[in-house]
Amino acid sequence: MRPTDPILVLDGLSVQVGQAALLHDVSLSLAKGEVLCIIGESGAGKSTMLKALQGLMPATCRRFYFGPAGIDVTGRMPNRVGLPRTRWVMQDPLAALNPRQSLGNSIAESLHRHRLSVEERKDATLSALAQVELGPEFYDRLPAQVSLGQAQRACLARAMIAQPELILFDEPLSALDALVQKKIAYRMDLLRNETQITYIVVTHDIGFAESYADQILVLKDGRVAAYQRRDPFFAAPQGRYASELIAAADALGALQRAEAAE
């Protein structure tokens, strides 16, 4: 039976390049409005999974359903076609933004499929900036004229304005200082609660996962080391590797539920 409740169902997602298996047999089910955090050391296959979902790497999957209606997109995998109504927020916001283009124009690009007047596009863009707590003065600023945190907020606004079903985040907070990380993480969570957009977040920050994840997927050497809902994961993690990650984070004082940061 085709699932209708989950927004994303993967059964056996694998990526192989030449003789190298970069991702092997990843399965999950993610509901609308949920947050999945993907955790693992460098080279574990986290970014590879995002690229496979975006159609940027050749991938195979036994079953692949996406969207509220549970549309079967399994056949698209060999053609390397990415998911519809999906946006990606990268680790480095300055690399993601055109240095010669204002933040407003970069955000408005996501509206290219909408039949809007110039005034309507600008109004929508200003509203998107306001959602991430950037004032109208940021509309005409270039990426070099803003901080890293402000640039990452602009990238979040660019993703949100398209009203996607799913946003993929690839280490969205790692280039930011701790205070800015906290503020943007809170803003991400607030927008998700308001819009019910689903998130998949690649992160090394287990504290972020403890605060914001609904589900946690741990990858090691391209394979699933653990896949659990958040509370069971931290109470009784599957496997030794997941236990070691939690113990290391706890020893470093990283496991502290985030407080609201305005």
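Throughout what follows, the structure given in this document is the object of discussion. On a predicted model such as this, the values are computed, not experimentally measured, just so you know. (Residues numbered from 1 in each chain as written. Predicted model: local features only at pLDDT ≥ 70, side-chain atom pairs only at ≥ 80, totals over all residues. Heavy atoms only, no water.)

A rise of 1.5 Å per residue sets the reference length of helix α6 (residues 178–195), with its 18 residues, at 26 Å; its end C-alpha atoms lie 26 Å apart and thus fit the reference within 8%. Those residues of α6 not exposed but buried are Ile184, Ala185, Tyr186, Arg187, Met188, Asp189, Leu191 and Arg192. Looking at the buried side of α6, the elements it contacts are β3 (35–39), α4 (118–131), α5 (148–160), β7 (166–170), β8 (198–202) and α7 (206–212). For α6, the capping residue at the N-terminal end is aspartate 177, with a side-chain oxygen 3.2 Å from the backbone nitrogen of leucine 179. With its phi angle positive at about 60 degrees, glutamine 196 sits one or two positions after the end of α6. (Helix = DSSP H or I, 4+ residues; strand = E, 2+ residues; numbered from the N terminus. Expected span 1.5 Å × (residues − 1). Buried < 20%, exposed > 50% of the residue type's maximum accessible area, 1.4 Å probe, protein only. Contact = heavy atoms within 4.5 Å. Polar contact = N/O pair within 3.5 Å; in protein donor to acceptor, adjacent residues only side chain to side chain.)

Right, let's get into the packing of aromatic side chains. The tally for this structure, following the rule as stated, stands at 3 aromatic pairs. Summarising the aromatic geometry, the rings of phenylalanine 169 and tyrosine 199 are spaced 4.8 Å apart at their centres and angled 75 degrees between planes, so their arrangement reads as edge-to-face. A residue pair is termed long-range when its members are at least 10 positions apart, and phenylalanine 169 in strand β7 and tyrosine 199 in strand β8 qualify at 30 residues. Lysine 122 extends its terminal NZ or CZ atom over the ring of tyrosine 139, reaching a point 4.9 Å from the ring centre. Over the face of the ring belonging to phenylalanine 138 we find arginine 141, whose NZ or CZ atom lies 4.4 Å from the ring centre. (Phe/Tyr/Trp six-rings, centres within 6.5 Å; stacked < 30°, edge-to-face > 60°. Lys NZ or Arg CZ within 6 Å of the ring centre and 35° of its normal.)

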